Amino acid sequence: MATAGFTPLPSPEQVEAAMPPGRLDPFEPLAVTRVTPVVTSPRPVAVQPPLTLPDGFRFQGVMSSGGRPMALVQFGAQSGSLAVGDTGGRTTDLLPQSWRVASIDVPRGRLTLVSRHHLARGQVVIAEL
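Parameters at a glance
Residues numbered from 1 in each chain as written. Predicted model: local features only at pLDDT ≥ 70, side-chain atom pairs only at ≥ 80, totals over all residues. Heavy atoms only, no water. Helix = DSSP H or I, 4+ residues; strand = E, 2+ residues; numbered from the N terminus. Buried < 20%, exposed > 50% of the residue type's maximum accessible area, 1.4 Å probe, protein only. Areas by Shrake-Rupley, 256 points an atom, 1.4 Å probe, with all protein chains shown as cover. Core = buried A, V, L, I, M, F, W, Y, C linked by side-chain atoms within 4.5 Å. Pairing = 2+ DSSP bridges. Axes fitted to C-alpha atoms, helices over the stretch in contact; angles between N-to-C directions. Contact = heavy atoms within 4.5 Å. Polar contact = N/O pair within 3.5 Å; in protein donor to acceptor, adjacent residues only side chain to side chain.

Another aspect to go through is the overall build of the protein chain. Secondary structure summary: the protein chain contains 1 helix and 6 strands in total. Among the 129 residues that make up the protein chain, the fraction classed as buried is 26%. Carbon and sulfur atoms make up 57% of the accessible area of the protein chain, which amounts to about 9,200 Å² in all.

Pasting the structure below:
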């Protein structure tokens, strides 16, 4: 084939070697760590486990419409777009109850969700393309 002017395809080993190291699953939860406050208390403080994306939720992409960032998602049998501030159970059915869109970063392909549920208050989950 090389004599016909074609460039041969890389071997499977070459493709695997060229794969950058990192997270294969961008939705996988981050590791849980323990934090010990500096002088105030010698006891370790347990950190809540990180949030994971809700069951049945799929982040499919981002776009900008009229300068407004939008996230393309599917939740259960419904699909559509979310904007910053959308809240599940209030302004959209594309998120579960008490979840809110905190930010959408179009250039990075990133969606940040916050759970307002009392057990996960203040925690965020980030989905990246």
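Time to look at the nonpolar core. Core analysis: the biggest nonpolar cluster contains 16 residues, and F57, F59, V73, L82, L111 and L113 have the highest contact counts within it. Of all the elements in the fold, those that place two or more residues in this core are β1 (57-65), β2 (68-75), β4 (99-105), β5 (110-115) and β6 (124-128).

Quick look at the sheet that holds β1 now. The 3 strands lie next to each other as β1-β2-β3, forming an open sheet whose pairing is antiparallel. Only two strands of the sheet have a single partner each, and these edge strands are β1 and β3 (78-82). Recorded for the sheet is a direction-independent mean angle of 20° between the axes of neighbouring strands. Pairing of β1 with β2 involves 8 bridges; the strand directions are antiparallel.

Let us look at the environment of T87. Positionally, T87 belongs in the loop between β3 and β4. C-alpha separation for the pair T87 and A102, spaced 15 residues apart in sequence, amounts to 9.4 Å. In contact with T87, other than residues within four places in its own chain, are T92, W99, R100 and R116.

According to the relative accessible area criterion, T87 is buried, its value standing at 7%. In terms of polar contacts, T87 uses its side chain to reach the backbone carbonyl oxygen of G85, at 3.1 Å.

Time to look at unusual backbone geometry. A negative phi holds for most residues other than glycine; trans holds for most peptide bonds. Positive phi values are uncommon outside glycine, yet S98 reaches one of about 75°. Within the secondary structure, S98 is located in the loop between β3 and β4. Judged by relative accessible area, S98 falls into the buried class, the value being 18%.

The next point concerns the pairing of β5. Counting buried residues in β5 gives 5 out of 6 residues, a clear majority hidden from the surface. Judged from the 6 bridges that link them, β4 and β5 form a sheet pairing that is antiparallel. Counted as the bridge partner of S103 is T112 from β5. What sits between the antiparallel neighbours β4 and β5 is a turn of 4 residues, in which G109 has the positive phi angle 65°.

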